[in-house]
Amino acid sequence: PYQPKLIVLYASDNDIAKGLAPREVFSDFKKLVAKVNTALPGTPLVYIAIKPSIKRKNLWPEMKKANDLIAEFCAQHPKLEFADIAKPMLDNPAHSPDPELFKKDGLHLSAEGYQVWKNVLLPLIEKTGAKSSQ
């Protein structure tokens, strides 16, 4: 029943944690895009990259592989945008997630973490032509 102007999606963090391979995550993403294109043709989709986290640091190489596959796919499709939130989250001398970006559990974002995401997402949302309430 909805006719959204834009879809913003964060997914796959838990999929990798449960053992799905990067190619499986990528395949699921492509299936979702096909469903969106069928049900809501022309609706832009912004995919938020799988985030690096303190708790799942050991899974980051697999998460990055999935991100890379999805980013490459998005670059080839004009209605898809890849929100690379991982790059600014790792933008420090250690190239590891800053603890200030997370709650105590090392997995869920703090207000500072969400601010990083907002800084990445707002320009992409504007690029799609959809309005943002911020």
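Starting from 1, residues in each chain are numbered consecutively following that chain's sequence as written. The model is predicted, so local features are restricted to residues of pLDDT at least 70 and side-chain atom pairs to those at 80 or more, both for listing and for counting; the totals for chains, interfaces and linings are taken over all residues. Here the side-chain values reflect all heavy atoms present in the structure, with hydrogen atoms and water set aside.

### Some points on the overall build of the protein chain
Regarding its fold elements, the protein chain presents five helices and three strands. What counts as a helix is a DSSP run of H or I of at least four residues, what counts as a strand is a run of E of at least two, and both are numbered from the N terminus. Scanning the protein chain from its N terminus toward the C terminus, one meets helices and strands in the order β-α-α-β-α-β-α-α. Just to be clear, the radius of gyration here is over C-alpha atoms, and the globule rule we use is 2.2 Å times residues to the power 0.38. For 134 residues, the compact-globule estimate of 2.2 N^0.38 gives 14 Å, and the protein chain sits close to it at 15 Å. Based on the C-alpha atoms only, the size of the protein chain along its principal axes is roughly 40 × 35 × 25 Å. Buried residues in the protein chain amount to 43% of all 134 residues. Any pair of residues with heavy atoms lying within 4.5 Å of one another is described as a contacting pair. Intrachain contacts of the protein chain at a sequence separation of at least 6 include 69% that bridge at least 24 residues. Counting every atom, the protein chain has about 8,200 Å² of accessible surface; 55% of that belongs to carbon and sulfur. Here the protein chain holds 19 positive side-chain charges and 15 negative ones, and the gap between their average locations is 5 Å. Each residue is placed in one exposure class: buried if its accessible area under a 1.4 Å probe, protein chains only, is under 20% of its type's maximum, exposed if it is over 50%, and partly exposed if it falls in between. Using a 1.4 Å probe, accessible areas were evaluated by the Shrake-Rupley method; residue-level cover was limited to the displayed protein chains. His is not counted here, nor are the chain ends, while Lys and Arg score as positive and Asp and Glu score as negative. Charge positions come from single atoms, namely NZ of Lys, CZ of Arg, CG of Asp or CD of Glu.

### Description of the nonpolar core
Here the nonpolar core consists of buried residues drawn from Ala, Val, Leu, Ile, Met, Phe, Trp, Tyr and Cys, with membership extended through side-chain atoms lying within 4.5 Å. Grouped together as the largest cluster of nonpolar side chains are 40 residues, with contacts concentrated most on Phe-29, Tyr-47, Ile-70 and Met-89. Secondary structure elements with two or more residues in this core: β1 (7–10), α2 (22–39), β2 (45–48), α3 (60–75), β3 (80–83), α4 (86–89) and α5 (111–128). With seven residues, α3 is the single largest residue contributor to this core. Apart from residues lying up to four places away in sequence, Tyr-47 is in contact with Leu-9, Ala-11, Ser-12, Phe-29, Asn-67, Ile-70, Glu-81, Phe-82 and Ala-83.

### Comments concerning unusual backbone geometry
The phi dihedral of Ser-12 falls on the positive side, at around 95°, and the residue is not glycine. Positionally, Ser-12 belongs in the loop between β1 and α1 (13–17). Although it is not a glycine, His-95 sits at a positive phi angle of roughly 50°. Positionally, His-95 belongs in the loop between α4 and α5. A residue is classified by how much of its surface remains accessible, and His-95, at 60% relative accessible area, is exposed.

### A word on the sheet that holds β3
At least two DSSP bridges between two strands are required for those strands to pair. In spatial order, the strands read β1-β2-β3; together these three strands make up an open sheet with parallel pairing. Every interior strand has two partners, whereas the edge strands, β1 and β3, have only one. Looking at each pair of strands side by side, their axes are set apart by 20° on average, direction ignored. The pairing of β2 with β3 spans four bridges and is parallel. To obtain each axis, a line is fitted to C-alpha atoms, and for helices this fit is confined to the stretch in contact; angles are then taken between N-to-C directions over 0 to 180 degrees.

### A look at the pattern of salt bridges
The term salt bridge refers to a side-chain nitrogen of Lys or Arg lying within 4 Å of a carboxyl oxygen of Asp or Glu. A full pass over the atoms with the stated rule returns five salt bridges. In this structure, the salt-bridge partner of Asp-13 is Arg-56, at a minimum N-O distance of 2.5 Å. In this pair, Asp-13 sits in helix α1 while Arg-56 sits in the loop between β2 and α3, placing the two residues 43 residues apart along the sequence. Like Asp-13, the residue Arg-56 is buried in the burial classification. Across the pair Lys-64 and Asp-68 runs a salt bridge whose closest N-O atoms are separated by 3.0 Å. Taken together, the positions of Lys-64 and Asp-68, both in helix α3 and four residues apart, correspond to about one turn of that helix. One salt-bridge network, in which partners are shared between bridges, spans Asp-13, Lys-51 and Arg-56.

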